[in-house]
Amino acid sequence: MVSARPRPPDDTGDVETALREERRAYEPDDEQPIGGYLAAMAVYLGGTGLLAAAARRTGRPLPEPGPWDVLLTAGAVHRLSRLLTKDPVTSPLRIPFTRFRGQAGPAELSEDVRGTGVRRVVGELITCPFCTGLWIATGLTCAQVFAPGATRLVCSGLTALTAADLLHFVRVGLQHATD
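No experiment lies behind these values; they were computed from the predicted model shown.

Visitor: How do you make sense of the pairing of strand β2 (residues 108-113) when you look at a structure like this?
Guide: Regular strands place their side chains on alternate faces of the sheet. As defined by bridge partners, strand β1 (residues 98-105) adjoins β2 across six bridges and the pair is classed as antiparallel. For Phe-100, the partnering residue across the bridge sits in β2 and is Glu-111. If you look at the hairpin formed by β1 and β2, you'll find two residues sitting between the two strands, and Ala-107 has a positive phi there, around 60°.

As structure tokens, this is what we get:
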């Protein structure tokens, strides 16, 4: 006769209960789309992992950026993140995730995030220049591995636009100061 071994207790329910309790302790109103944030992190980590693997597999050398490259990339990240998250021309990309509120400054819109879950997370990402900046910086860094010349050209153009925007603000400020 074969004796059956006792099965260990099912801990899945205990883990789920503990996770729900931690979630309630963290944010009792359940407004934060934690699952959506986890999905966004998984997409980010998975994408960067795939790009790193592709770079390694193709034998791409890692660039050694100097201070000028960092400055160019910073200017490009700044301009591109503002363009994607605040510019009126790119508002059609944000429509499924946001609600228009009005002007937020020169050539920028104010929009509220709408929806729940992943929809809300995407809305938060595409309306926050700081959040979008991380994704853009990662994309430009990867582009510097796969197409360094073209990436430097794009970064130069976007950084020139950033400097031009700054000059616009300086000019307007000086005009107001002299009036």
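On we go.
Visitor: What am I meant to see in the environment of Gln-175 here?
Guide: Relative to the assigned elements, Gln-175 resides in helix α7 (residues 148-178). C-alpha of Gln-175 to C-alpha of Asp-165: the two residues are ten residues apart in sequence and 15 Å apart in space.

Visitor: Explain the layout of surface pockets to me, please; I cannot follow it from the model alone.
Guide: The method is simple in principle: a probe with the dimensions of a water molecule rolls over the atoms, and the space it marks as empty is what remains. Of the pockets and cavities examined, the largest pocket occupies roughly 360 Å³. Lining the largest pocket we find 18 residues, and of these Arg-79, Pro-106, Ala-107, Asp-165 and Phe-169 sit closest to its centre. If you list the elements that add at least two residues to the lining of the largest pocket, you get α3 (67-86), β1 and α7. Broken down by element, the lining of the largest pocket gets its largest block of residues, seven residues, from α7. Broken down by class, the residue content of the lining of the largest pocket amounts to eight nonpolar, four polar and six charged. Lining the second largest pocket are Gly-36, Ala-39, Ala-40, Val-43, Val-118, Val-121, Val-122, Leu-125, Ile-126, Cys-131, Thr-132 and Trp-135. Taken together, the elements giving at least two residues each to the lining of the second largest pocket come down to α2 (34-57), α5 (117-127) and α6 (129-146).

Visitor: Is there a simple way to explain the packing of α3 against α5 in this structure?
Guide: A pair of packed helices is captured by two measures, namely the crossing angle of their axes and the spacing between those axes. Where α3 contacts α5, the axes come no closer than 7 Å and their chain directions differ by 130°. Comparing their axes, α5 and α3 come out oblique. Listed contacts from α5 to Leu-84, Thr-85 and Lys-86 of α3 are Leu-125, Ile-126 and Thr-127. Classifying every residue of the contact of α3 with α5 gives three nonpolar, two polar and one charged.

Visitor: What exactly am I supposed to notice about the nonpolar core here?
Guide: As a rule of thumb, nonpolar side chains are buried together in soluble globular proteins. If you look at the biggest cluster of nonpolar residues, it comprises seven residues: Leu-72, Ala-76, Val-77, Ile-136, Leu-140, Cys-155 and Leu-158. Broken down by secondary-structure element, the contributors of at least two residues to this core are α3, α6 and α7. Take this core: its biggest share by element is three residues, from α3. The contact partners of Cys-155, leaving out residues within four places of it in the chain, are Leu-72, Thr-73, Ala-76 and Leu-140.

Visitor: Quick question: what am I supposed to make of the state of the cysteines here?
Guide: Each disulfide consists of one covalent bond between the sulfur atoms belonging to two cysteines. Scanning all chains against the criterion turns up zero disulfides. The thiol sulfur of Cys-142 is not disulfide-bonded, and the nearest other cysteine sulfur, from Cys-155, lies at 12 Å. What makes Cys-142 buried here is its relative accessible area of 17%.

Visitor: How do you make sense of the pattern of salt bridges when you look at a structure like this?
Guide: Pairing between side chains of opposite charge can happen when the charged atoms of each approach one another. Counted by the stated rule, this structure contains six salt bridges. Residue Arg-94 is joined to Glu-111 by a salt bridge in which the shortest nitrogen-to-oxygen separation is 2.5 Å. Placement of Arg-94 in helix α4 (residues 91-94) and of Glu-111 in strand β2 is noted, with a sequence separation of 17 residues between them. Notably, a salt bridge pairs Asp-112 with Arg-101, separated by 2.3 Å at the nearest N-O pair.

Conventions we followed
- Residues numbered from 1 in each chain as written.
- Predicted model: local features only at pLDDT ≥ 70, side-chain atom pairs only at ≥ 80, totals over all residues.
- Heavy atoms only, no water.
- Pairing = 2+ DSSP bridges.
- Helix = DSSP H or I, 4+ residues; strand = E, 2+ residues; numbered from the N terminus.
- 1 Å grid on protein atoms, 1.4 Å probe; cavity = no way out; pocket = protein on both sides within 12 Å on 5 of 7 lines; lining within 4 Å.
- Points joined across faces, edges and corners; volume = space filled by probe spheres on them.
- Nonpolar A, V, L, I, M, F, W, Y, C, P; charged D, E, K, R; others polar.
- Axes fitted to C-alpha atoms, helices over the stretch in contact; angles between N-to-C directions.
- Parallel < 35°, antiparallel > 145°, perpendicular 65-115°, else oblique.
- Contact = heavy atoms within 4.5 Å.
- Core = buried A, V, L, I, M, F, W, Y, C linked by side-chain atoms within 4.5 Å.
- Buried < 20%, exposed > 50% of the residue type's maximum accessible area, 1.4 Å probe, protein only.
- Disulfide = S-S within 2.5 Å.
- Salt bridge = Lys/Arg side-chain N within 4 Å of Asp/Glu carboxyl O.

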